[in-house]
Amino acid sequence: MTNIDSVSASDLGSLLEDTFLERVLHFVETDSTNTRAVELLASDESLTTPCLVFAEKQSAGRGRGENRWWSAEGSLTFSLVVDFNQIGFSAQQKPLLPLLAGMAIVQAGESLIPVGDFALKWPNDVYLAGRKLAGVLTEVPSQAAGQAVIGVGLNVNNQFASAPEELKATCIALADRSGMMHDRVEVLRTFLQRFETLMKSFAAGDSFLDDWPRYCLLSGKKVTLRISYDQVTGICRGIDPSGALVLEVDGQTKSFFGGVVLSWE
Ligand code: BTN
């Protein structure tokens, strides 16, 4: 599987016709689409949204915390800029955005690999066959509190042969599982369409979290969570309606709104 396709501006432009996008920005190369999107919001108060910031190549992709995102050729790296009002969310519901994006990634993946063994790892990872397939980084710029940047890195056709050692054993691309290359714009289109459907049904009172138990990687597992300088270990009892991780710690049920999952077994 070589010959990675490239994505042209006109391929991306077609997304304006059959998805909820109102604007598309295409970079052949940039440092980070999230950084570009946050800057865009800072410089243009009336930015038309939903807006897609897409990069063929990222030189400094960012993950949660201090993590970097390895942006390999053949992967999808993009940021979606949304306005909370427009998508029927309140700013307090921000923790739900990476979860919703994760569910849309799972649905887009399942449309290609129906028996693919997809899983969601709270709060921002998608797994396939026990390995990390995608990550989501959501940011709400302080100067644009009514808007959010949802950055997605999704391994589609990229190969891990040249990846950093620690990723080789823990990550996967859609092509690894299906044995074929996928049209990245089509994967992106399906993701956007699923995202819109989930978002609209959520605004109408149906929560995508009802499906979370089917995919939850952590449920029933002993999870260790780092919160600032503290650590807590408990049995995962799923996600609550606000998007918090529920752990049973010493017989007590507690909800955690943030933190880094250090281990699960
Ligand atoms: C994570 O797993 O920690 C989240 C990774 C998010 C990576 C994506 S790639 C597109 C967007 N731009 C970035 O710099 N990061 C996100």
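Residues numbered from 1 in each chain as written. Predicted model: local features only at pLDDT ≥ 70, side-chain atom pairs only at ≥ 80, totals over all residues. Heavy atoms only, no water.

1. Notes on the overall build of the chain
Summing up its helical and strand segments, the chain has eight helices and 14 strands in all. Relative to a compact globule of 265 residues, whose C-alpha radius of gyration would be 18 Å, the chain shows 18 Å and is just as compact. With the C-alpha coordinates of the chain rotated into their principal frame, the extents come out at 55 × 40 × 35 Å. Per-residue burial over the chain gives 52% buried out of 265 residues. A fraction of 66% describes how many contacts in the chain between residues 6 or more apart in sequence connect residues 24 or more apart. Accessible area of the chain: about 12100 Å², with a carbon and sulfur share of 48%. (Helix = DSSP H or I, 4+ residues; strand = E, 2+ residues; numbered from the N terminus. Rg over C-alpha atoms; globule rule 2.2 N^0.38 Å. Buried < 20%, exposed > 50% of the residue type's maximum accessible area, 1.4 Å probe, protein only. Contact = heavy atoms within 4.5 Å. Areas by Shrake-Rupley, 256 points an atom, 1.4 Å probe, with all protein chains shown as cover.)

2. What about the site of the ligand?
In the region of the ligand, 21 residues are neighbours, and Ser32, Gln58, Arg62, Arg64 and Lys132 sit closest. At a separation of 2.8 Å, an oxygen atom of the ligand approaches a polar backbone atom of Arg64. The protein chains hide 98% of the 410 Å² of surface that the ligand would expose on its own. Ranked by the residues each element gives to the shell around the ligand, the list is headed by strand 8 (residues 131-139), at four residues. Residues belonging to the shell around the ligand are distributed by class as follows: five nonpolar, twelve polar and four charged. (Near = heavy atom within 4 Å. Polar contact = N/O pair within 3.5 Å; in protein donor to acceptor, adjacent residues only side chain to side chain. Nonpolar A, V, L, I, M, F, W, Y, C, P; charged D, E, K, R; others polar.)

3. Structural notes on the domain arrangement of the chain
As assigned here, the chain comprises domain 1 (9-213) and domain 2 (218-264). Its C-alpha centre places domain 1 at a distance of 24 Å from the equivalent point of domain 2. Listed by partner, the interface residues are nine residues for domain 1 and 16 residues for domain 2. Buried area between domain 1 and domain 2, summed over both chains or domains, comes out near 940 Å², and the portion from carbon and sulfur atoms is 69%. For the interface between domain 1 and domain 2, the tally reads zero salt bridges. Among the residues making up the side of domain 1 that touches domain 2, the classes are represented as seven nonpolar, no polar and two charged. (Domains from an automatic or database assignment. Buried area = accessible area lost by both parts, 1.4 Å probe. Salt bridge = Lys/Arg side-chain N within 4 Å of Asp/Glu carboxyl O.)

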